[in-house]
Number of protein chains: 2
Amino acid sequence: MLLTPKKPQRSTAKLRDPEGTRESLLQAAFREVYRYGFQSAGIDAILAATNVTKGALYHHFGSKEALGHAIIEEIIAEITKDRWLRPLEQSKDKNPIDALIGIVQAIPARPRDVKRGCPLVNLTQEMSLLDEQFRKRLERIFRAWQEGIATALRKGQQTGTVRHDLDPEEAASFLIAMVEGYEVLAKNAQDAKVWNMGIKNIRNWLSSLRAPGTGKGG
Amino acid sequence: MLLTPKKPQRSTAKLRDPEGTRESLLQAAFREVYRYGFQSAGIDAILAATNVTKGALYHHFGSKEALGHAIIEEIIAEITKDRWLRPLEQSKDKNPIDALIGIVQAIPARPRDVKRGCPLVNLTQEMSLLDEQFRKRLERIFRAWQEGIATALRKGQQTGTVRHDLDPEEAASFLIAMVEGYEVLAKNAQDAKVWNMGIKNIRNWLSSLRAPGTGKGG
DNA sequence: CCGCGTACATACTGGTTGGTATGTTGTTGA
DNA sequence: TCAACAACATACCAACCAGTATGTACGCGG
């Protein structure tokens, strides 16, 4: 007899809860990947951060790669939506520049977040070149992000709050590049002050996109 | 007898050449780290890319970490100096904005480079949070980079080619953030077009720093 | 009440990895 | 001329790590 059958200590409430285990696994895996990177995040470390066993993990995900894909599609994509896309859609009628300034300022400046950087950039840097599957999934998020900003700017042009002499797509990617670039700088410095200075500069740049004669508020 | 003594095939020219082995080791290690990241770059893979053995590697470097430190200080720092600091110093009397535009445009847009991104950013993203020794060395490079740009801008303010209503340090870090940010975007897209669009936008921004009445050329 | 599928749990493995122990060879200073 | 040392080369190892083989517990349809 090779296996000593472990007495099953699942609480009765946990019976038939297929999504609970998967979800907590995903969350723990995200935290580990966010901190150490995908390749350095160990399966055993992820497991240790939960009360889930290896059998359960490989029941829900076919491989470490599949787990990584799920992290991108179910966690990182959601963060982007929560932070950028939904706020932009909800403030449809407002001046999009004010909305964008609000969003940028709302990005957490807590030391913990600044030090870890942006999950999207972290994974992009690590995996884009190495694994096409990862890259494609990450690119989808970038595209949606850029598209969301561009759409808001285009609407602003129609309602006259945004300058007409700019290409919405180009301005959107410029904004993303600035945000990501400052996050890299702040992560290296491990200092929230760098990030706060970045916010200030990004805000100034965003203000320069206002249509002439359009003050703050809209 | 455990070891079959290998017939020493060092060419007579290679006798007493302490720097040659070390240097080629460093170059190969840099290439591997650049491509796969520090943690994923295997010692054996580095060795396979050269005709150097493990004994030689551990003779010159105490550990993989020490090798990583040497890569930062001897290779990546040099790249930054070559690409940014020396060109800025050599064009002392010229308009610094023109010099900066020239530097940005000179950053290679070859697909190979775009796809691999910036070595400095790659290592920062991977290691800053995990290893303080790495972070400190990388931060030194960032600081020197920012300081070089800021100094050039300050001189431009004195000679009247750069607007006075900007903080040179702040503008320098803004420029760096833009460059790094676009490199992240281009790396994710794996497309040089993204990078070329970034150059265009950065150039426009740089031009906006000119003192009023100062045309191109200085 | 029974068989079958889902949802796990545990032990194990084969390959990889950074690092080391121990050897040899050529040079150089005394 | 010879001992000491730098500069390697080779074989080996212990730890780690993704993945698997094989088991059990539970619930549900029939």
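Above this text is the structure in question.
Residues numbered from 1 in each chain as written. Chains lettered and ligands numbered in written order. Predicted model: local features only at pLDDT ≥ 70, side-chain atom pairs only at ≥ 80, totals over all residues. Heavy atoms only, no water.

1. Re the nonpolar core
The condition is simple: What we call a nonpolar core is a set of buried Ala, Val, Leu, Ile, Met, Phe, Trp, Tyr and Cys residues that are connected through their side-chain atoms within 4.5 Å. Each residue gets one of three labels from its accessible area relative to the maximum for its type: buried under 20%, exposed over 50%, partly exposed in between, using a 1.4 Å probe on protein chains only. Throughout, a contact is declared for two residues whenever any of their heavy atoms are within 4.5 Å.
Counting residues in hydrophobic clusters, the biggest one holds 136 residues, and the most contacted among them are Trp84 of chain A together with Trp84 of chain B. When residues no more than four places from it in sequence are discounted, the contact partners of tryptophan 84 of chain B are Leu100, Ile103, Val104, Ile107, Trp145, Ile149, Leu175 and Val179 of chain B.

2. Points about the pattern of salt bridges
The test is simple: A carboxyl oxygen of Asp or Glu within 4 Å of a side-chain nitrogen of Lys or Arg is what we treat as a salt bridge.
Taken as a whole and judged by the stated rule, the model has 32 salt bridges over all chains. A network of salt bridges, in which partner residues are shared, links Glu78, Lys81, Asp82 and Arg86 of chain A.

3. What about helix H5 (residues 96-106) of chain A?
Residue and element names in this part refer to chain A. Heads up, the rule is: For the purposes of this entry, the term helix denotes a DSSP run of H or I that reaches at least four residues, the term strand denotes a run of E that reaches at least two, and both are numbered from the N terminus. A 3.5 Å cut-off defines polar contacts: any pair of N or O atoms within that distance qualifies, except that in protein one atom must be a possible hydrogen donor and the other a possible acceptor, and neighbouring residues in sequence count only when both atoms are side-chain atoms.
The buried fraction of H5 is high, at eight of eleven residues. Within H5, burial applies to Pro96, Ile97, Asp98, Ala99, Leu100, Ile101, Ile103 and Val104. You can read the cap of H5 off the contacts: a side-chain oxygen lies 2.8 Å from the backbone nitrogen of isoleucine 97, and it is on asparagine 95.

4. Description of helix H9 (residues 168-189) of chain B
Residues and elements named next belong to chain B. Put simply, the test is: What a helix should span is 1.5 Å times the count of its residues minus one.
For H9, with 22 residues, the first-to-last C-alpha span of 32 Å sits near the 32 Å given by 1.5 Å per residue. Among the 22 residues of H9, 21 are classified as buried, and the element is accordingly described as predominantly covered. Its side-chain oxygen at 2.9 Å from the backbone nitrogen of glutamate 169, aspartate 167 defines the N-terminal cap of H9. Backbone geometry just after H9 places glutamine 190 at a positive phi near 55 degrees.

5. Considerations on the packing of aromatic side chains
Heads up, the condition is: Aromatic contacts are taken between Phe, Tyr and Trp rings whose centres are within 6.5 Å, Trp giving its six-membered ring; a plane angle under 30 degrees counts as stacked, one over 60 as edge-to-face, and the others as tilted. Only when the NZ atom of a Lys or the CZ atom of an Arg is both within 6 Å of the ring centre and within 35 degrees of the ring normal do we say a charge sits over the ring.
Applying the stated criterion across every chain, the model contains twelve aromatic pairs over all chains. Each ring, one from tyrosine 182 of chain A and one from phenylalanine 174 of chain B, has its centre 6.0 Å from the other, and the planes form 20 degrees; the classification is stacked. Here tyrosine 182 of chain A, found in helix H9 (residues 168-189), pairs with phenylalanine 174 of chain B, found in helix H9, and the two come from separate chains. According to the relative accessible area criterion, tyrosine 182 of chain A is buried, its value standing at 0%. Where phenylalanine 174 of chain B meets tryptophan 205 of chain B, the ring centres are 5.0 Å apart and the plane angle is 80 degrees; that geometry is what we call edge-to-face. Taken together, the residues phenylalanine 174 of chain B in helix H9 and tryptophan 205 of chain B in helix H10 (residues 192-207) connect sequence positions 31 residues apart. Across the pair, tryptophan 205 of chain B and phenylalanine 174 of chain B agree in class, each one buried. One aromatic cluster is present, built from ring pairs that chain together Trp84, Phe142 and Trp145 of chain A. Across the ring face of phenylalanine 38 of chain A, the terminal group of lysine 64 of chain A is positioned such that the distance to the ring centre comes to 4.8 Å.

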